[in-house]
Amino acid sequence: MTQDDGDLDSLVRQRVRALRVAQGWSLEELAARANVSQSTLSRIENGQRRLALDQLVTLARALDTTLDQLVENATDDVISSPVIDGAHGSMRWPVKADPGMTVVRQRMTEPPPDNPSRLRAHPGREWLVVLSGTAILLLGGRRYRIETNQAAEFPTMLPHAIGTAGGPCEIMGIFDRDARRGHQRAGGRVPRGQEAESEDRPSA
């Protein structure tokens, strides 16, 4: 076994124990869930028993995780720098664990326009949080006011738009693959749309 193999072996054992403790389970409780003896589980955690693939699969399932996550090794590319879009005042980071997902940070200075042609709808789902200021989210036929530290999540098949409420605001958005493509087709901007008559506050 190489040094790297030994490090991974130790990491997996630590991860099994940490996940068990995080769930608040004793050795006996996890052993029952994984259908192994308590002594076997204890030896696995303490490095006194060789790790077997079938046992790791069973343990991963019992710990409500996957084998890939259980044996995932540390990587050097923990830190990533954003792609900066100066024209739209935004920064973008890909999510390495899910290449279809993107995180975008954007400073906005304009309110949503009244022009209905600017309203957008496309496949996908979006989550955003207001980092500073106040944002207005137009979603279908409704108008939501989102204050600092409040978040909103919605399917992007609903016609939607976002802008400011009387002053600059900064938002952080997470887009799945379809939502990201929809925004790219819209020119990289967070879509905006027509005003609606009602105004509701989403829950924080």
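Here, the structure is the one placed above.
Below is a short write-up of the structure. (Residues numbered from 1 in each chain as written. Predicted model: local features only at pLDDT ≥ 70, side-chain atom pairs only at ≥ 80, totals over all residues. Heavy atoms only, no water.)

A short note on the overall build of the protein chain
A tally of regular secondary structure across the protein chain gives 6 helices and 10 strands. Of all 204 residues assigned to the protein chain, the portion counted as buried reaches 35%. Contacts in the protein chain between residues at least 24 apart in sequence constitute 67% of all its contacts with a sequence separation of at least 6. Of the roughly 11900 Å² of accessible surface on the protein chain, a fraction of 48% belongs to carbon and sulfur atoms. (Helix = DSSP H or I, 4+ residues; strand = E, 2+ residues; numbered from the N terminus. Buried < 20%, exposed > 50% of the residue type's maximum accessible area, 1.4 Å probe, protein only. Contact = heavy atoms within 4.5 Å. Areas by Shrake-Rupley, 256 points an atom, 1.4 Å probe, with all protein chains shown as cover.)

What about the side chain of Ser-90?
Inspection of the secondary structure puts Ser-90 in strand β2 (residues 90-94). Ser-90 sits in the buried class, given a relative accessible area of 8%. In this view, Ser-90 contacts Val-83, Ile-84, Asp-85, Val-104, Arg-105 and Gln-106; residues no more than four positions away in its chain are not counted.

A few points about the sheet that holds β2
If you walk across this open sheet you meet the 6 strands as β1-β2-β3-β9-β4-β7, and the pairing is antiparallel. Two strands close off the open sheet at either side, each with one partner strand: β1 (83-85) and β7 (151-155). Strand after strand, the sheet turns through a mean of 20° between neighbouring axes, direction not considered. (Pairing = 2+ DSSP bridges. Axes fitted to C-alpha atoms, helices over the stretch in contact; angles between N-to-C directions.)

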